[in-house]
Amino acid sequence: MLRTAVLVFALSLGVASVQAQTTDAPAANDFYQQNTQWQAKRLAGLTAPSGWLSLIGLEWLKEGANHVGTAADNDIVLKAGPAHLGVVTLAHDGSTHVVFDKNSGATVDGKAVHEATLVDDAHAGDKGPSLVAFGPASFLVIERDGRKALRVKDSDAETRKHFLGLDYYPADPSWRIVADWVPFDPPHELEIGSVLGTIDKEKVPGKAVFHRDGHTYELMPIQEEPDTLFFVIADRTSGKETYGAARFLYAALPKDGKVVLDFNRAYNPPCAFTPYATCPLAPPENRMDLAVTAGEKKYRGSEH
């Protein structure tokens, strides 16, 4: 589900940092300072022990029993953890249950238990999905397009330990654009594909219209949280200087018919750093015939 995935992306970045945008233009010194602070929060979220760089697996569950562990005789062979962690059973009704091996040392939400029913990310609400932890590694159950998978993380992952850092275009106040907001009543529907080949239909509350170099551009956001707009965008730098599939951009809600698009805060989705994420792709409506030379560049450590 795109809704769940987007929320996780926002939390990993720090929603408070993306919401701190208003239609009041900051003074030049404040702009650069705020941009630097935003980049620092972005980096901290990405490199955190449980951040996107810690992903080491995305393992799809089959219906029935799934033996899990690092030993080769398991149905799901993990890259970290005990030889035989236990058995995750996916029931016909979609529920998941785990029974641990007696020597696994695993916990569920911090508690040592022999077995437990696991709540996936699509049904977790504010509490979040059940977290199964074993040493520096962990997994949770995610649901995507009706399928269930284990998203596995390890704070000692090579991708985290050998991270090369983020690269940005020079901060440029001219890319902090105050766009016109055109509301849709009723909301329009936008089809957004994913790297998995699935398509989600999302409600779009309106569009942001702005002008650059004598041309007019329109971008359509979805609204997963009540106080932010979320744009999945691509432009003429995509696949060259920036990540090809999309970049993400958050904006505060419109004020007085205006919405701030600060492209200096356009950033890469998790798929730019790991093959174990399930990212949305920029829809055709948000692919601009414009080189947005602002925000985060392609990751140096990626082959994409």
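Residues numbered from 1 in each chain as written. Predicted model: local features only at pLDDT ≥ 70, side-chain atom pairs only at ≥ 80, totals over all residues. Heavy atoms only, no water.

Draft legend 1. The arrangement of the side chain of S194 in detail. Its place among the elements puts S194 in the loop between β11 (176–193) and β12 (199–212). Engagement of the side chain of S194 in a polar contact is seen with the side chain of T198, the distance being 2.7 Å. (Helix = DSSP H or I, 4+ residues; strand = E, 2+ residues; numbered from the N terminus. Polar contact = N/O pair within 3.5 Å; in protein donor to acceptor, adjacent residues only side chain to side chain.)

Draft legend 2. Molecular detail of the nonpolar core. Counting residues in each nonpolar core, the largest one holds 30 residues, and the members touching the most others are L46, F163, L166, V204, F230, V232 and F273. Among the secondary structure elements, those contributing two or more residues to this core are α3 (28–47), β11, β14 (228–233) and β15 (247–252). Among the elements that take part in this core, β11 stands out by supplying three residues, more than any other. With residues up to four places along the chain from it excluded, the contact list for V232 reads A246, R247, F248, P280, L281, A282, P283 and N286. I56, L61, L78 and L118 belong to the second-largest nonpolar core, a separate cluster that totals 23 residues. (Core = buried A, V, L, I, M, F, W, Y, C linked by side-chain atoms within 4.5 Å. Buried < 20%, exposed > 50% of the residue type's maximum accessible area, 1.4 Å probe, protein only. Contact = heavy atoms within 4.5 Å.)

Draft legend 3. The arrangement of the confidence of the model for the protein in detail. Summarising the model, the protein shows a mean pLDDT of 91, and 91% of its residues fall at 70 or more. Throughout residues 11–23 the model reports pLDDT below 50, and contacts reaching past four residues in sequence, or to other chains, amount to 30 contacts. (pLDDT = per-residue confidence, 0-100.)

Draft legend 4. Summary view of the pairing of β11. Examined bridge by bridge, β11 and strand β16 (residues 258–262) share five bridges and lie antiparallel to one another. Its bridge partner lying in β16, V178 is registered against V260. When β11 meets β12, the two strands line up antiparallel, connected through 10 bridges. Residue E189 lies in a different strand from β12, and its bridge partner there is K203. (Pairing = 2+ DSSP bridges.)

Draft legend 5. Looking closely at the state of the cysteines. Throughout the structure, instances matching the rule amount to one disulfide. The disulfide partner of C271 is C279, and the gap between their sulfur atoms is 2.4 Å. Given an S-S torsion of about 105°, the disulfide between C271 and C279 has right-handed geometry. By relative accessible area, which is 5% here, C271 ends up buried. (Disulfide = S-S within 2.5 Å.)

Draft legend 6. The arrangement of the environment of S104 in detail. The topology assignment puts S104 in the loop between β5 (96–100) and β6 (107–108). For S104, a relative accessible area of 11% translates into the label buried. The sequence separation of S104 and A157 amounts to 53 residues, and the corresponding C-alpha distance is 20 Å. Apart from the residues lying within four places of it in its own chain, the contact partners of S104 are P82, H84 and L85. There is a polar contact of 3.2 Å between the side chain of S104 and the backbone nitrogen of A106.

Draft legend 7. The sheet that holds strand β10 (residues 147–154), seen in detail. Within the open sheet, the five strands sit side by side as β1-β10-β9-β8-β6. Their pairing is antiparallel. At either end of the open sheet lies a strand with only one pairing partner, and these are β1 (55–60) and β6. Alignment of β1 against β10, held across five bridges, turns out to be antiparallel. Looking at the pairing, G57 lines up with V152 of β10.

Draft legend 8. Representation of the packing of aromatic side chains in the model. Inspection of the entire model under this criterion finds 12 aromatic pairs. Measuring from ring centre to ring centre gives 4.8 Å for F230 and Y250, while their planes differ by 45°; the resulting arrangement is tilted. Within this pair, whereas F230 is found in strand β14, its partner Y250 is found in strand β15, the two being separated by 20 residues in sequence. Grouping residues by exposure puts F230 and Y250 together as buried. Here the aromatic residues W38, F230, F248, Y250 and Y267 are joined through ring pairs into a cluster of three or more. Stacked on the ring of W60, the Lys or Arg R147 has its end atom at 4.0 Å from the ring centre. Over the face of the ring belonging to W175 we find R212, whose NZ or CZ atom lies 3.7 Å from the ring centre. (Phe/Tyr/Trp six-rings, centres within 6.5 Å; stacked < 30°, edge-to-face > 60°. Lys NZ or Arg CZ within 6 Å of the ring centre and 35° of its normal.)

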